[in-house]
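# Architecture and fold: a report
What follows is the residue order along each chain.
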Amino acid sequence: MIANLDVRVDSSGKIHLSGVKAIEEPPSLVDLRARTSAMLPRVELPEVILEVMSWVPELATAFTAVSGGRSRLKDLPVSIAACLTAHSLNVGYRPIAKKGVEALERSRLSHAFQNYVRPETLSSANAPLVGKQADLPLAQAWGGSLVAAVDGMRFVVPVPAAFARPNRKYFGSKRGMTWLNAMNDRGMGRGAKIVSGTIRDSLHMVDVVFGLDGGDLPEIVVSDTGSYSDLVFGLLELLGISYRPALADLPDQKGWRISPTADYGPLNTFARGKIDLGKIRRNWEDILRVAASICTGTVRAYDVVTMLQAGGHPTALGEAIASYGRIFKTLHILAFIDVDETYSRDIKDIRNLQENRHSLARKICHGKKGELHHRYERSLENQLGALGLVLNCVTLWNTVYLDAAVRRLKAQGYPVREEDMARLSPFVHSHLGVHGTYTFVLPDLAPGAIRDLRDPDAEQDDEI
């Protein structure tokens, strides 16, 4: 949270922010987080996947055979859970496979992954998980699912691969790629795209937003500076989405005005850019055609963005869309520096939430030092799609048990403030085991029942 924000614009038009001070979290929130985390049962990742499958039958049935056949292998959900475990952990089949257990034989796992796991089935499996979480009171306290954050995770690809690119900052002497993924304000992943190397995310972000796994399009999209451009501002506004990037170079940003004679007081120098409305009017019909083509899926946004700014020099149509976007970019900057801290705090909160999701992803995808050893884009899509689905399984599992923990505390008379409940994280993972021996057996629970919560006041073991 930000407090005591003082905004000043100097004679050169630069914006200066001073007096920014972080407010410490209230003791009630710190204690609530500690108590609810301590109440979560210890669990291994394969058990999480199987338990979520028992809650959401559509998860397993979404994995259909590539041949189109309707017959199902015996114990296929166990084989699917094992495949998801092996590929999300990045450990391969050796520690997962078990001789003598038909559903976990290495040959069965290889067959199941090749014939049942692909981007289409992974996307179909994600949608019911998002819907299941949306019904939980705790998830509803986190947000309305109409805000999305888009950001990229970098992965080293140490083998020769056409999709990997060099970038010493992220990959050292090796090559790598970016997993550009979208998440709603409840922590559930909604879609992703594999991006070659570390190319600017703005070229792909709109495609990620319009390729979400089920549900409605978000009303607000938050991203980092890497996904920002005036053209993206314009396209998203035309598509009915409010774009709110975190601008790292905010003090150096230029504001844009329509009337050259308007007096904006201390912001006159800041608003030194001039928007040519005539340029927008002359291209308006073509602008609408571009927006409609993206909205209906006739063309990919990546192709449109690449075409409109070929070689770094925008076309007349691209400049017209960028001019339109500068109107909303200026409004975004003004809202960000306004004395009302809610706007900037909400952006920071969901950005932090996505960073926490990526931290959980790093914990899960720990095998082979977190490096991906695939030569082809399709293989990368399958593995990272499995990782995204498993992240959603863990997020849903955490939400269910945190919701139960909050209800238990309330029933015991513990004072749970609504504002504190809304700031619990679905990405806690000290209770989650991802190392060692992997078992695919669920406890014997009655239908609709969950595991026993732990006593938060009892002495707890170290993180597993």
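The structure displayed is predicted, hence computed values, not measured ones.

Calculation notes
- Residues numbered from 1 in each chain as written.
- Predicted model: local features only at pLDDT ≥ 70, side-chain atom pairs only at ≥ 80, totals over all residues.
- Heavy atoms only, no water.
- Helix = DSSP H or I, 4+ residues; strand = E, 2+ residues; numbered from the N terminus.
- Rg over C-alpha atoms; globule rule 2.2 N^0.38 Å.
- Buried < 20%, exposed > 50% of the residue type's maximum accessible area, 1.4 Å probe, protein only.
- Contact = heavy atoms within 4.5 Å.
- Areas by Shrake-Rupley, 256 points an atom, 1.4 Å probe, with all protein chains shown as cover.
- Lys, Arg positive; Asp, Glu negative; His and termini not counted.
- Charge placed at Lys NZ, Arg CZ, Asp CG, Glu CD.
- Salt bridge = Lys/Arg side-chain N within 4 Å of Asp/Glu carboxyl O.
- Core = buried A, V, L, I, M, F, W, Y, C linked by side-chain atoms within 4.5 Å.
- pLDDT = per-residue confidence, 0-100.
- Expected span 1.5 Å × (residues − 1).

Each helix and strand in the chain was counted, giving 17 helices and 14 strands. Against the globule reference of 23 Å for 464 residues, the chain gives a C-alpha radius of gyration of 24 Å, in line with a compact fold. For the chain, the spread of C-alpha atoms along the principal axes amounts to about 80 × 55 × 40 Å. Looking at the 464 residues of the chain, the share that counts as buried comes to 50%. Sequence separation of 24 or more characterises 72% of the internal contacts of the chain that already satisfy a separation of 6 or more. For the chain, the exposed area adds up to about 21100 Å²; of that, 53% sits on carbon and sulfur atoms. Here the chain carries 55 positive and 53 negative side-chain charges, and the mean point of each set is 7 Å from the other.

All right, on to unusual backbone geometry then. Of all residues except glycine, most have a negative phi; of all peptide bonds, most are trans. Its identity as a non-glycine residue notwithstanding, Asn 90 has a phi of 65°, on the positive side. Here Asn 90 is to be found in the loop between helix H4 (76-89) and helix H5 (106-116). One non-glycine residue with positive phi stands out, namely Lys 368, at about 55°. Relative to the helices and strands, Lys 368 resides in the loop between helix H15 (342-364) and helix H16 (377-411).

Attention now goes to the environment of Asp 444. Position of Asp 444 relative to the elements: it lies in the segment after strand S14 (432-433). You can call Asp 444 exposed: its relative accessible area is 81%.

Right, let's get into the pattern of salt bridges. Applying the stated criterion across every chain yields a total of 20 salt bridges. The residue Arg 451 makes a salt bridge to Glu 51 at a minimum N-O spacing of 2.8 Å. Taken together, the residues span a long stretch of sequence, with Arg 451 in the segment after S14 and Glu 51 in helix H2 (residues 45-55) at a distance of 400 residues. Residue Arg 417 is joined to Glu 419 by a salt bridge in which the shortest nitrogen-to-oxygen separation is 3.4 Å. Since its relative accessible area comes to 35%, Arg 417 is described here as partly exposed. A relative accessible area of 46% places Glu 419 in the partly exposed class.

Let us look at the nonpolar core. By size, the foremost hydrophobic cluster in this structure holds 92 residues, and its most contacted members are Leu 59 and Ile 364. With 18 residues, H16 is the single largest residue contributor to this core. Residues within four places of Leu 59 in sequence aside, it is in contact with Val 52, Met 53, Ala 125, Leu 129, Leu 389 and Cys 393. Val 290, Ala 320, Ile 321 and Tyr 324 belong to the second-largest nonpolar core, a separate cluster that totals 41 residues.

This next bit is on the confidence of the model for the chain. Averaged over every residue, the pLDDT of the chain is 89; the share at 70 or more is 92%. Overall, residues 1-5 carries pLDDT values under 50, and its contacts beyond four positions in sequence, including any with other chains, amount to 23 contacts.

Moving on to helix H1 (residues 27-39). The first and last C-alpha atoms of H1 sit 18 Å apart over 13 residues, in line with the 18 Å expected at 1.5 Å per residue. Buried within H1 are the following residues: Leu 29, Leu 32, Thr 36, Ser 37, Ala 38 and Met 39. For H1, the secondary structure elements touched by its buried residues are H16 and helix H17 (418-421).

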